[in-house]
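A look at the structure
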Amino acid sequence: MLHKVKKRWVVTGIIFATLAPGLSFAESNVAADDSIVTPTFPTLYGKSLTLPKTSKQVAGVVPYATITSPRIDELTDTAQSGVGESHAATYDNSNYQSAFVVSAAGQSNLAYNTTINGTAYTILTPTNSSTTGKTGALAFNQQIDMTKDWTLNFNFDLTRLNSAGGAYLVYNVGDFIGLVLSPTAPNQLATAGGSNQYGGGLGINGLPNSLTWGIDFYNNSKGQDSNYASYTPVGFGDSSVGVNPVGGLLSGSKTGNQVIGWRNTGADGLLDSANATSDQQLGTTVLNGTNAATGNSSYQWSGSGGGPNLTAPVTASYVYNGDNSGTITIQVTTNSTQTFTRIVDLTHTSMSLGIMAGYDGGYTQMGTHVTSFTLELGTGTTTVNYLDQNNQPLRAATSFIANTTDTIGITGGSPNATSDTYAFTAPSFPGYSLVPNGTTDVTVGSDEIDDSGTTVPGNTMNVQYQGDFQSAPLTAVSDTPNVPVPITLPSSDATYHGASNEPIAFTSTDASLAVAGYTYTVTGPDNKPYATLAAAVTANPDFDATSNGYNVTSDTTPQPFVVHYTANAVTINYGTVTTAGNVDTSMASALKSSDSLTPTQPTIGQTLTSRLTTAVTTAPDTETPQLQASKVIPDGYHLTGNVYWSKDGDATTAAVPTTALTASDVNSSDDATLLFEIAKDYQEADVTITYENNAQPPTKLTQTGLTAIALALTCWDYLRKVITSLVGKRQTVRRCPYLWRLFQAILMTPITYKLKVTVPHKTTP
């Protein structure tokens, strides 16, 4: 709390706040803050998004109109046809109370409007003999346009100007009264700065970047800084022009004087120290021809009908200079007309205008009444963006001009559209839906003027849309009859979806779609075939913009991507293989002619059936003569009943596949060979050997074997045994020339024997 020690002076003045270059117009605790919250949404069709900030509620605005034409994107100025708002206004004492808003700070008996003797008044500081700090303000309910001229005529309404000190320094008046022009919202002029505004704060202490013109009735000469609260008395940097009242038994009593002049606050909201020259400070003891000591001695008005005892007309006029500056001229009568003039460089195009009074320590009833007010209302430019759920623009931004403090919303899209000054219809976009409550209502603030003198729009409205649900399922089919799809796609791709015009990005890739033994193409939503999924997505990169409705999770026109698989054809080769592992493919053509395949042209993914394989494995003896007849099997050989499957044509004992063929069943050229196993025939031969001249008794030989060759070898072996048996009788033979010659003939000379051989054919031992 700011307390004035031993201060009992009325501070009567015009508080006129404006802005210094580069200063921010809307403060964080001001309702007219034109910062914009950009809404997004928790999830969209199952995808997480950023949570939105809470929309700022707009309070105390009476519903004005719902506008269907023009739409918000067709609006350039709320003064245009279809809206009809006026940017100019004229008021007098009969109607000002309906166009001005009252704000107040303090514990009790706060500011209010009333009528006395047919004149409308605003009591700014009602009092009940309490010294507790209090501030009251009357402000026009919209900001005024500082690029246009305006004039305000009003009165200071007081009990008296001031009074001299008594025996115990009992000074019975408050601190200030004046006119405010400030970036603060009109309905917060008396509250935004809190207790800093009381007393010697002249109503604007705590309101950053403000200029004041007014009458200060007590000198607080200490400069104000961050330690101002420790000063006794509290310091506000008043100039030496002000002379405080004195009083007492020995010193007598003096009313001192009052100071009329300019004061301003900095960016920190604290009053800057006064400069007697540049702030045009004038000391006076007279207001409107009435001496300071003259007037009612009570704390409340006691004029006719309870009206003010002292009233002083004030004229405040403003002329825009056209160079981002304006000239303020204020006239008030002391013992003569006094004129105060100041050039103000603008940093914003609109400001709030009001009259304020307050006290802290001393107390008196102060008020005002407006006699006339002619102005161009403050306006601000609002840039309108039309954004999707990713805050990407759906079209170029538009802009419009409206009166400051107007609240603007979107019908069906803003939380407070039914209570906004104007609620406009938003444009529609194919495939997009307006998000309910997704567009923050805008309280129009003034435009800014940057250091280069360029006017910058002071407001932004983001009309929020959400892309409708769109689907682009990725599925796979087999174009080869009786061959199933060789792959299972991710479920996220099979049900892939997103929002209008968003990019399509599948989990599947061409690498993951590749399946050995198959080729594929992809048909896109445009019904064109593509060699790869990447090519199909490149040609159809985004979801379409079908209008499916807000939060509807079905698509009337999906965009399918279809992967078409074709199984590779398998070539079946033929050959024979002996039990010793010798492969012969020279008769492959004959074997192929003896066979029939189902399917005729087998592919990967199909189950192969070979007629010849089935016949050989079930009845090899039946098939052997037929294949011998076609020279596939040589004489002396037979089919064993075994058929093998060779990927590379080499000898193997791998079984013929009985399930669907896979890429691992064939070689890199998708070939495989059916090898039919053959073996030498089994034989049982009874051989009888007879000798001429009955040299020896006939001998019968029995041999079980595979072929005639083995039989011949057996016979020859027997003969050698016979002859060799004679070797042991060599000496006896040598004694007999006849036997010796025979022995030599047998051992040294080829001898033809007549053999009678009986060989019954048998295929098994």
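Analysis parameters
- Residues numbered from 1 in each chain as written.
- Predicted model: local features only at pLDDT ≥ 70, side-chain atom pairs only at ≥ 80, totals over all residues.
- Heavy atoms only, no water.
- Core = buried A, V, L, I, M, F, W, Y, C linked by side-chain atoms within 4.5 Å.
- Buried < 20%, exposed > 50% of the residue type's maximum accessible area, 1.4 Å probe, protein only.
- pLDDT = per-residue confidence, 0-100.
- Contact = heavy atoms within 4.5 Å.
- Phe/Tyr/Trp six-rings, centres within 6.5 Å; stacked < 30°, edge-to-face > 60°.
- Helix = DSSP H or I, 4+ residues; strand = E, 2+ residues; numbered from the N terminus.
- Pairing = 2+ DSSP bridges.
- Polar contact = N/O pair within 3.5 Å; in protein donor to acceptor, adjacent residues only side chain to side chain.
- Arc of directions from axis to C-beta.
- Salt bridge = Lys/Arg side-chain N within 4 Å of Asp/Glu carboxyl O.

Turning our eyes to something else, we now look at the nonpolar core. Phe140, Ile144, Trp150, Val370, Phe373 and Leu375 are the most contacted members of the largest nonpolar core, which has 51 residues in total. Formed by 45 residues, the second largest nonpolar core is a distinct cluster that contains Tyr518, Tyr520, Ile572 and Ile678.

Mean pLDDT over the chain works out to 81, with 75% of the residues at or above the 70 mark. Below pLDDT 50 for its whole length, residues 1-45 participates in 245 contacts with residues either more than four positions away or in separate chains. Note that residues 164-171 has pLDDT below 50 and, in this model, 26 contacts with residues that lie over four places away or in other chains.

A word on the packing of aromatic side chains. Under the counting rule described, the total for this entry stands at 18 aromatic pairs. These aromatic residues form a ring-pair network of at least three members: Tyr91, Tyr96, Phe100, Phe140 and Phe373.

Moving on, we get to the pairing of strand 41 (residues 637-646). Most of strand 41 is tucked away, with seven of its 10 residues classed as buried. One ladder, built from seven bridges, connects strand 41 with strand 42 (residues 671-680); its direction is antiparallel. The partner of histidine 638 across the bridge, within strand 42, is alanine 679.

All right, on to the side chain of glutamine 466 then. Looking at the element boundaries, glutamine 466 is found in strand 30 (residues 459-467). Classification of glutamine 466 by relative accessible area gives buried; the value is 2%. Here the side chain of glutamine 466 touches asparagine 551 through a polar contact of 3.0 Å, side chain to side chain.

This part is about unusual backbone geometry. With an omega dihedral of 5°, the bond running from serine 69 to proline 70 counts as a cis peptide bond. With respect to the secondary-structure elements, proline 70 resides in the loop between strand 3 (65-67) and strand 4 (88-92). A cis geometry characterises the amide bond from threonine 598 onward to proline 599, with omega recorded as -5°. Structurally, the position occupied by proline 599 is in the loop between strand 39 (597-598) and strand 40 (609-610). Positive phi is not limited to glycine here, since glutamine 280 has a value of about 50°. Position of glutamine 280 among the secondary structure elements: in the loop between strand 13 (258-264) and strand 14 (282-284). Residue classification places glutamine 280 among the partly exposed positions, given a relative accessible area of 28%.

Moving on: helix 6 (residues 611-618). Within helix 6 the residues assigned to the buried category are Leu612, Thr613, Ala615 and Val616. Buried residues in helix 6, looked at end-on, bunch into an arc of 165°, giving them a common side. Structurally, helix 6 contributes buried residues whose contacts are with helix 5 (588-593), strand 40, helix 7 (620-629), strand 41 and strand 42.

Our next topic: the pattern of salt bridges. When their charged atoms lie close together, side chains carrying opposite charge are able to pair. Counted under the stated rule, the structure contains six salt bridges. The closest approach of N and O atoms between lysine 148 and aspartate 145, which form a salt bridge, is 3.4 Å. You can call lysine 148 partly exposed: its relative accessible area is 34%. One salt bridge connects aspartate 279 with arginine 342, and the closest N-O pair in it is separated by 3.2 Å. Of this pair, aspartate 279 sits in the loop between strand 13 and strand 14 while arginine 342 sits in strand 19 (residues 337-345), placing them 63 residues apart in sequence. Three or more residues are tied together by salt bridges with common partners; here these are Arg71, Asp73, Glu74 and Arg395.

Next up on the list: the sheet that holds strand 34 (residues 518-523). Spatially, four strands are ordered 32-36-34-35 in an open sheet, and the strand pairing comes out mixed. Lying at the two open borders of the sheet, with one neighbouring strand each, are strand 32 (474-478) and strand 35 (529-530). Bridge analysis of strand 34 against strand 35 gives two bridges, and the strand direction is antiparallel. Residue pairing in the sheet places valine 522 in a bridge with tyrosine 530 of strand 35.

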